[in-house]
Amino acid sequence: MKKLILLIVAMAFGGPLITKAQQKPLYDTTQKPTLVSRQFEFTEGPATDKNGDVYFTDQPNDKIWKYSADGKLTVFMDKTGRSNGLFFDNKGCLLACADEKNELWVIDKKGGHEVLLSNFNGKRFNGPNDGWVLPNGDMYFTDPYYQRDYWQHKSSELDGEKLYYLKKGSKQAVVANDQFKQPNGIVGTADGKYLYVADIGDNKTYRFNIGKNGSLTNRVLIIKQGSDGMTLDDKGNIYLTGKGVTIYNPQGEKLFNIPVPEQWTGNVTFAGKNRDVLFITASKGIYTLKMNVKGK
């Protein structure tokens, strides 16, 4: 009956009735991101564990840091293989895009590591950059080419910059999609149905349907903006980075831009025990912002 009354009132006023709950913003727009620390060279790759702790990289200094849910900041690991993007698998193991030798690493809780992948059909990867794990344990990762000053090689061994799929337990990745200029940020929905991939080289972000054995179909240009990193909230909104953090609704419509006082905002994730704190890696600094939504 209550829903019927609301519908009648909405029709009487000639438009949809918006409740107070629906009007609640994603965050308090009078607030700015809070600086946690600015002691880094270039922060990247934040990943949140089951406790709400965030692990992130300072790639030029070859370190992985930990920002705990209670606000403590510590060095988790030195000599990280120049790790860039980080993400967790379903067992809680930290996966790292180790850029020094263009590898994927699995890192244990004590900072020890094993090489998960080192090549594609015998050829060196460009430099795995970011990844996401499916509910079944399979994963996708992007492989753009960014020339590093610590590499001896000066060109790619591969014929393009692509998105790869690695089946759980497999030792060989396969190409999931090769229609990118420079794929970078990546995230999927918690139900494993959709994958978002940012083509930072073409300033576009795409959505795919995820099928059996990791097949991707229905490639849709969802947002005309690329991104270094990205995340989703529990409402399906998409968070892209670059000039601050820009939030889009599930239809790809721009909602907000969160300004961040740094030259470049590299990546973003939801942190904290309730997953309601936006954790932002932005060049030399890391920032937090309390949200009215939660991460997935």
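Further up the page is the structure itself.
As the structure is a prediction and not an experimental result, all values here were calculated from the model.

## Here we look at the state of the cysteines
Okay, so step 1: Using the criterion set out here, one finds zero disulfides in the structure.
Okay, so step 2: Note on C93: no disulfide assigned, nearest cysteine sulfur contributed by C97 at a separation of 15 Å.
Okay, so step 3: For C97, a relative accessible area of 0% corresponds to the buried category.

## Concerning the sheet that holds strand β17 (residues 216-223)
Okay, so step 1: One open sheet holds the four strands; their spatial order is β14-β15-β16-β17, and the pairing between them is antiparallel. If you trace the sheet from one side to the other, it starts and ends with β14 (183-188) and β17, each paired once. Between one strand axis and the next, the sheet turns through 25 degrees on average, direction left out of account.

## Side note on the packing of aromatic side chains
Okay, so step 1: In the structure shown here, the tally under the stated rule is 18 aromatic pairs.
Okay, so step 2: An angle of 70 degrees between the planes, with centres 5.7 Å apart, marks the rings of Y55 and F88 as edge-to-face. Taken together, the residues span a long stretch of sequence, with Y55 in strand β3 (residues 54-58) and F88 in strand β6 (residues 83-88) at a distance of 33 residues. Taken as a pair, Y55 and F88 share a single burial class, namely buried.
Okay, so step 3: Ring centres of F120 and F125 lie 6.4 Å apart, and the angle between their planes is 35 degrees; on these two criteria the pair is classed as tilted. Each member of the pair, F120 as well as F125, is classed as buried.
Okay, so step 4: Positioned above the aromatic ring of F180, the side-chain terminus of R219 is 5.5 Å from the ring centre.
Okay, so step 5: The ring of Y206 carries the charged tip of R219 above its face, separated from the ring centre by 3.8 Å.

Reading the values: rules and limits
- Residues numbered from 1 in each chain as written.
- Predicted model: local features only at pLDDT ≥ 70, side-chain atom pairs only at ≥ 80, totals over all residues.
- Heavy atoms only, no water.
- Disulfide = S-S within 2.5 Å.
- Buried < 20%, exposed > 50% of the residue type's maximum accessible area, 1.4 Å probe, protein only.
- Pairing = 2+ DSSP bridges.
- Helix = DSSP H or I, 4+ residues; strand = E, 2+ residues; numbered from the N terminus.
- Axes fitted to C-alpha atoms, helices over the stretch in contact; angles between N-to-C directions.
- Phe/Tyr/Trp six-rings, centres within 6.5 Å; stacked < 30°, edge-to-face > 60°.
- Lys NZ or Arg CZ within 6 Å of the ring centre and 35° of its normal.

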